[in-house]
Amino acid sequence: MSEHGLPADVSRRQMLVRSAAIAAMVGPGSALAAGCAAGSGSSKSNTNNSGSTAANASDPKNPFGVKASNPLDVYVFKGGYGDNYAKAFEAMYTKDFPGASVSHHSGQNLTGDLQPRFNAGTPPDVIDDSGAQQLKLDVLHGSGQLTNLDQLLNAPSIDDPSKKVRDTLLAGTIEQGQLGANMFSLNYVFTVFGLWYSASTFKKNNWQVPTTWDDFMTLCATIKATGMAPFAHQGKYPYYMLVPLMDMVAKNGGPDVQTAIDNLEPNAWKADAVVNSVNAIYELVDKGYMLPGTEGLTHIQSQTLWNQGKAAVIPCGSWLENEQLTATPPGFDMAVFAMPSLAGDKMPQTAVRAEAGEPFIVPSKAKNQAGGLEFLRIMCSKAGGASFAQNANSLSVVKDAITPEISAKLLPGTKSSNDLYQAANGQYIAWYYLNWYSQFEKDLEDAMSQLMANKIKPADFINRAQSAADKCAADSSVQKFKRPTSTS
Amino acid sequence: MAADMTQSTPGTPGSADTPGSAKGKRPRPERSRRFGESGATLNVFGTGFMAIWAIMILGPVLWVVLGAFKNASELNGSAWSWPHHWSFGAFSRAWHTGISTYLKDTVIVLVFSVSLTMLLGAMAAYVLARFEFRGNRFIYYLFVSGVMLPVYLALVPLFFQVSKLHMLNTYQGLILVYVAFSMPFTVFFLHAFFRTLPSAVYEAALIDGASHTRAFFQVMLPMAKPGLISVGIFNILGQWNQYLLPVVLMQSQHGEPPHYMLSQGLVSLMVAQGYSGDFPALFAGMTIAMLPVMAVYLSFQRQVQAGLTAGTLK
Amino acid sequence: MRLRKKTRERLFIASFLAGPLLVYLVFVIWPYIETFGYSLTEWSGVAPPTKVVGLKNYVDLFHDSIFLKALTHNMIILIVFPTVTIALAMFFAFMLNVGGRRGGLGGVKGIPGSAFFRIVFFFPQVLSVAIIVILFQSAYESNSVGLFNAIVIKLGLTDANHPWEFLNSPTFVLWCIMFILVWQWVGFYLVLFSAAMQQIPRDYYEAALLDGAGRTQTYFKVTMPLLWDSVQTAWVYLAVAAMDAFALVATLTPGSSFGGGPDEHGEVLSTYLMRNFQVLGKAGYACAMGVVIFFITLILSLVVLRATRRERLEY
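No experiment lies behind these values; they were computed from the predicted model shown. (Residues numbered from 1 in each chain as written. Chains lettered and ligands numbered in written order. Predicted model: local features only at pLDDT ≥ 70, side-chain atom pairs only at ≥ 80, totals over all residues.)

J.: Please give an account of the overall build of chain C that cites residues and values.
T.: For chain C, the count of helices and strands is 13 helices and 2 strands. With respect to the principal axes defined by its C-alpha atoms, chain C has extents near 85 × 75 × 30 Å. Looking at chain C as a whole, 57% of its 315 residues are labelled buried. Relative to all contacts within chain C whose residues are 6 or more apart in sequence, the contacts with residues 24 or more apart total 63%. (Helix = DSSP H or I, 4+ residues; strand = E, 2+ residues; numbered from the N terminus. Buried ≥ 20, exposed ≤ 12 C-beta atoms within 10 Å, placed from the backbone. Contact = placed C-beta atoms within 7 Å.)

Listed below in structure tokens is the structure:
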């Protein structure tokens with residue numbers, strides 16, 4: 001749908017998961033890889049059989065003390081996942097608490113709808129705070145509007161009351177929802193980032209998926225010779241192009257560079273890893289590998305052109321397939337590969353950015369806070385994860401929620417992102433500054449747009465990035481965070 | 001101004017300081033003793049330019065209407081393509097995704113808000129225009145300065161205000177807000193209009209024993225009809241297309257269904273289309289939203305013009 | 001008796017003003033006053049203001065390079081957009097009303113098709129801004145598929161591999177926005193000026209004709225001066241629109257939160273204000289910006305009205 005994308009495209013930032021600082025999907029990595037793919041079949045358990053016996057001090061059936069008489073007010077961002085999945089959760093909630101009245105709202109203009117309600121002290125009880133108009137989590141948190149979700153993490157799981165909810169989530173989910181030491185948002189949707197292509201087109205032309213940047217450049221030359229543009233990006237929103245760039249930086253520089261950048265250290269952007277990566281990305285522009293005009297296109301416009309075969313590769317997160325469902329021609333065979341490696345990379349080529357997106361929050365001033373927490377607990381059950389997979393055609397952060405039947409029905413792009421995720425085998429890229437410092441991210445995006453439009457050179461970009469970081473570091477009105485050291 | 005007139009009407013044929021014509025061509029007064037001849041170039045150029053301008057306007061409008069008849073892949077392709085089969089499916093889809101409700105709600109609100117705007121606006125403008133009293137200028141400027149306030153700036157305080165009155169997501173709340181925000185424009189134009197009306201009839205009515213109120217409703221308002229119609233039309237257009245105010249004020253607060261206004265619903269439809277891809281329905285929705293106001297304008301455009309004459313800053 | 005008459009009149013005035021004033025004060029004036037109050041505080045926008053900071057927000061504004069950049073852009077729009085719109089609208093109005101060949105009976109009339117043009121030119125006014133945005137998003141598309149690019153490529157001004165960037169061009173982004181503004185508003189002022197022109201007695205034109213004035217001269221010597229009031233009015237309204245331009249810039253220019261790109265070249269006060277308000281958690285600062293915008297508009301309007309004040313011509 002190239003032509004018309006107005007608010008659609010604005011709000012396309014949508015799942016833009018951007019908000020979510022990527023978490024390091026560290027820790028028990030191997031275990032979670034299985035969780036994401038075809039899970040073991042134990043997902044029969046459901047919401048209302050929980051804690052059949054235990055009804056003691058802290059009732060595992062109702063750890064937050066929900067009163068069915070209190071109405072529950074739910075607001076979800078209605079983006080690529082629609083809102084049917086939320087209605088399914090609401091049905092589960094009313095099943096557990098018969099008689100509870102649940103009101104369901106959905107929309108795209110989160111800020112317009114909810115900012116006044118936060119101000120007035122009458123926010124909904126649970127919110128999926130996503131999309132272009134999302135209320136920024138750092139701002140909400142700074143104003144004391146968010147409920148600490150650690151109590152959710154420490155509550156018993158619905159499926160197995162002997163386990164805590166925190167043990168039923170994919171690794172990294174908790175870190176991604178943290179601001180400081182506590183978790184304030186449950187980032188529910190699992191997303192993988194990479195470079196997307198049409199497997200059938202690659203096969204037809206006998207193009208190989210590149211693993212090194214040099215291979216990629218060679219491939220680009222080959223593609224360009226056929227008359228197809230090698231690379232497209234969603235230029236109107238420079239966020240998209242920052243993802244591959246920062247992924248290269250992470251791979252090339254490793255944890256030290258990431259820590260320096262996330263912590264806004266002086267001269268962090270002068271590191272060799274940054275220079276190498278920016279130069280590499282700039283090659284795409286410099287050598288004319290970009291789809292003409294792509295630097296001004298919206299996500300819808302550019303992705304549609306990519307679907308039409310005008311460009312071979314486009315960077316995006318795994319929401320891409322769902323978003324382009326109607327625009328994708330039959331037999332396109334959508335697939336994704338990880339950022340090619342540069343010489344001297346400190347992370348393997350298979351490392352990918354994988355993050356939990358779509359932050360769900362419970363406002364601290366919610367009337368029915370217990371209900372909101374319980375709603376999230378239901379989402380974290382296997383039945384919740386399975387229901388989400390069926391209703392939203394996407395993966396959630398709930399471990400072992402996907403039955404083989406569900407996994408068999410996955411679309412090619414989703415399957416491919418699963419493969420990518422598994423191949424990474426614990427090596428996941430995470431950036432935090434995105435979520436912590438809105439203005440800094442905006443400054444980076446401005447500079448990126450100019451680099452991609454060939455208006456500035458790599459050295460200028462690096463200078464601008466560094467001075468934006470310095471400006472942010474010096475701004476006393478911005479609350480500062482430190483990158484967790486345990487992450488890779 | 002009198003000086004301007006004497007200088008500009010008779011007696012200055014072909015004065016040397018004539019500002020260059022639009023084309024930079026010097027008029028040649030000796031040869032052009034007649035209106036028609038002098039402007040042949042101007043005429044051709046002018047008409048041509050106006051034709052191009054008309055195309056620039058009609059083209060996009062047509063594109064929207066045609067878009068409603070295309071299918072998704074046709075919309076995907078060239079902007080110049082023509083729909084292959086004329087089906088109204090998109091209209092019915094748009095209608096059922098909520099356009100019908102938006103339309104109903106918008107009409108309900110507008111019927112009251114425009115009438116009330118006109119009534120209150122006319123009352124205030126009339127009193128300010130025809131009576132001397134202390135504070136007159138102050139109140140007039142208080143109203144008129146509202147023209148210069150950007151709406152988006154007051155949104156959050158406005159929300160609290162409406163919330164305190166328990167009028168969020170209610171027709172009456174939105175109606176009052178529309179009336180309030182239409183006041184500056186309405187008072188401003190009608191004020192000018194009332195000043196131009198002759199006072200003889202009014203005074204005669206008063207002498208006959210009519211009260212001020214009666215004289216206003218029975219004498220002045222009918223005389224002001226042209227002004228009322230044109231300002232009314234502009235209020236209809238403005239309120240019909242209003243977007244920011246309903247977005248903030250017409251949200252469901254406690255689970256009751258929200259009363260979306262048309263342009264608000266249209267945007268929500270548009271955003272939803274961005275995710276579900278039914279663009280023809282979006283175009284159909286836009287067409288539906290366009291038609292009523294266009295019809296209103298077409299039927300009243302003569303009166304609109306007639307009424308605007310007096311509406312200038314005094 | 002006389003006193004009673006006076007009292008009656010006062011009562012009448014009060015009763016007629018009470019309703020309109022009340023509605024206006026409650027829903028317009030008071031919220032704006034509150035905005036002024038908020039501008040003196042540190043306010044995140046999602047919870048009640050935390051502390052009063054006095055004029056700090058105002059002081060910061062004038063050290064804020066983005067604010068100053070946005071202000072400059074608004075000033076450019078403020079000069080170009082009303083001028084072009086008024087000039088075009090006047091020209092069109094003139095053509096439509098008195099631009100035609102002389103009628104058989106010696107009357108002055110518009111060019112052929114006047115009625116058609118009059119209606120069509122007004123169309124953009126009935127389009128909701130949402131529709132306008134979709135239209136121009138497509139027209140300005142920065143590759144060869146876009147409407148305008150298709151045209152410039154056809155004209156041979158560039159080729160398909162080097163499409164013009166339009167909204168993504170630092171140089172042209174503001175002009176692209178201004179074009180839409182003009183496109184949108186010319187129709188309204190055309191109607192306004194037409195109305196005013198029809199007030200001008202035909203005799204004036206006839207007299208000018210008899211004196212041998214050309215059409216251009218008639219335009220500048222008869223029409224323009226007599227439309228002065230309308231032009232003033234138009235200027236004030238257009239200035240207000242120029243200071244706003246929010247919807248177009250926010251949705252059409254590049255950048256994630258209310259556009260403003262590329263690289264701040266499309267930034268205007270309203271988008272910067274809204275970004276501070278809704279995204280960056282600086283609502284108090286945004287309110288200060290709003291107050292400043294209000295005063296700028298107010299002062300500009302007053303200056304224009306004063307500067308252009310002339311004696312009224314009665315006809």
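J.: Summarise the overall build of chain B; cite the residues concerned and give the values.
T.: Helix and strand counts for chain B stand at 14 helices and 0 strands. In sequence order, chain B lays out its α and β elements as α-α-α-α-α-α-α-α-α-α-α-α-α-α. The buried share of chain B, reckoned over its 314 residues, is 48%. Expressed as a percentage of contacts within chain B between residues at least 6 apart in sequence, the contacts between residues at least 24 apart total 73%.

J.: Can you break down the interface of chain A and chain C residue by residue, with the values?
T.: One frequently used descriptor of interface size is the decrease in accessible area upon assembly of the parts. Chain A puts 39 residues into the contact, and the matching count from chain C is 36 residues. Elements with a contribution of two residues or more to the side of chain A that touches chain C: α1 (6-10), α4 (110-120), α5 (137-142) and α19 (438-452) of chain A. In terms of residue count, α19 of chain A provides more of the side of chain A that touches chain C than any other element does, 6 residues in total. Here the side of chain A that touches chain C is composed, by residue class, of 13 nonpolar, 18 polar and 8 charged. (Nonpolar A, V, L, I, M, F, W, Y, C, P; charged D, E, K, R; others polar.)

J.: How would you explain the domain arrangement of chain C if you had to name every residue and give the values?
T.: Its domain assignment divides chain C into domain 1 (1-30) and domain 2 (39-130 + 162-307). On a C-alpha basis, the centroid separation for the pair domain 1 of chain C and domain 2 of chain C is 35 Å. (Domains from an automatic or database assignment.)

J.: Which residues make up the environment of Phe-185 of chain B, and what are the values?
T.: Residue and element names in this part refer to chain B. In this fold, Phe-185 is placed in helix α8 (residues 171-196). Accessibility expressed as a C-beta count within 10 Å gives 21 for Phe-185, which makes it buried. A C-alpha to C-alpha distance of 36 Å links Phe-185 and Asn-43, two positions 142 residues apart in sequence.

J.: Let's hear about the pairing of strand β6 (residues 186-198) of chain A: which residues, and what values?
T.: Residues and elements named next belong to chain A. Counting buried positions along β6 yields 13 of 13 residues, so the element is predominantly enclosed. Note: β6 against strand β10 (residues 352-361), 6 bridges, orientation antiparallel. The residue bridging Val-189 from the neighbouring strand is Gly-357, located in β10. With 4 bridges joining them, β6 and strand β8 (residues 311-317) adopt antiparallel strand pairing. Bridging across to β8, Gly-194 finds its partner in Cys-316. Pairing of β6 with strand β9 (residues 334-337), which is carried by 4 bridges, proceeds in the antiparallel orientation. Each residue of the ladder has a partner; that of Ser-198, found in β9, is Met-334. (Pairing = 2+ DSSP bridges.)

J.: Pulling in residues and values, what's your account of the confidence of the model for chain B?
T.: Residue-level pLDDT values for chain B average 76, and 75% of them are 70 or greater. Taken together, the stretch residues 1-38 of chain B has pLDDT below 50 and engages in 59 contacts with residues farther than four places along the chain or on a different chain. (pLDDT = per-residue confidence, 0-100.)

J.: Summarise the environment of Gln-303 of chain A; cite the residues concerned and give the values.
T.: Residue and element names in this part refer to chain A. With respect to the helices and strands, the residue Gln-303 is situated in helix α12 (residues 299-307). Gln-303 sits 112 residues away from Thr-191 along the chain, and the two C-alpha atoms are 18 Å apart. Contact partners of Gln-303, with chain neighbours within four places excluded, come to Ile-314, Leu-320 and Gln-324.

J.: An account of the packing of helix α4 (residues 114-126) of chain C against helix α7 (residues 173-199) of chain C is needed here, citing residue identities and associated values.
T.: Residue and element names in this part refer to chain C. The interhelical angle for the contact between α4 and α7, taken along N-to-C directions, is 120°, at an axis separation of 7 Å. Classified by the angle between their axes, α4 and α7 sit oblique to one another. Between α4 and α7 the crossing geometry is left-handed. Here Phe-121, Phe-122, Phe-123, Pro-124 and Gln-125 of α4 lie close against α7, whose contacting residues are Trp-183, Gln-184, Val-186, Gly-187, Phe-188, Leu-190 and Val-191. (Axes fitted to C-alpha atoms, helices over the stretch in contact; angles between N-to-C directions. Parallel < 35°, antiparallel > 145°, perpendicular 65-115°, else oblique. Left-handed = near helix turned anticlockwise from the far one by under 90°.)

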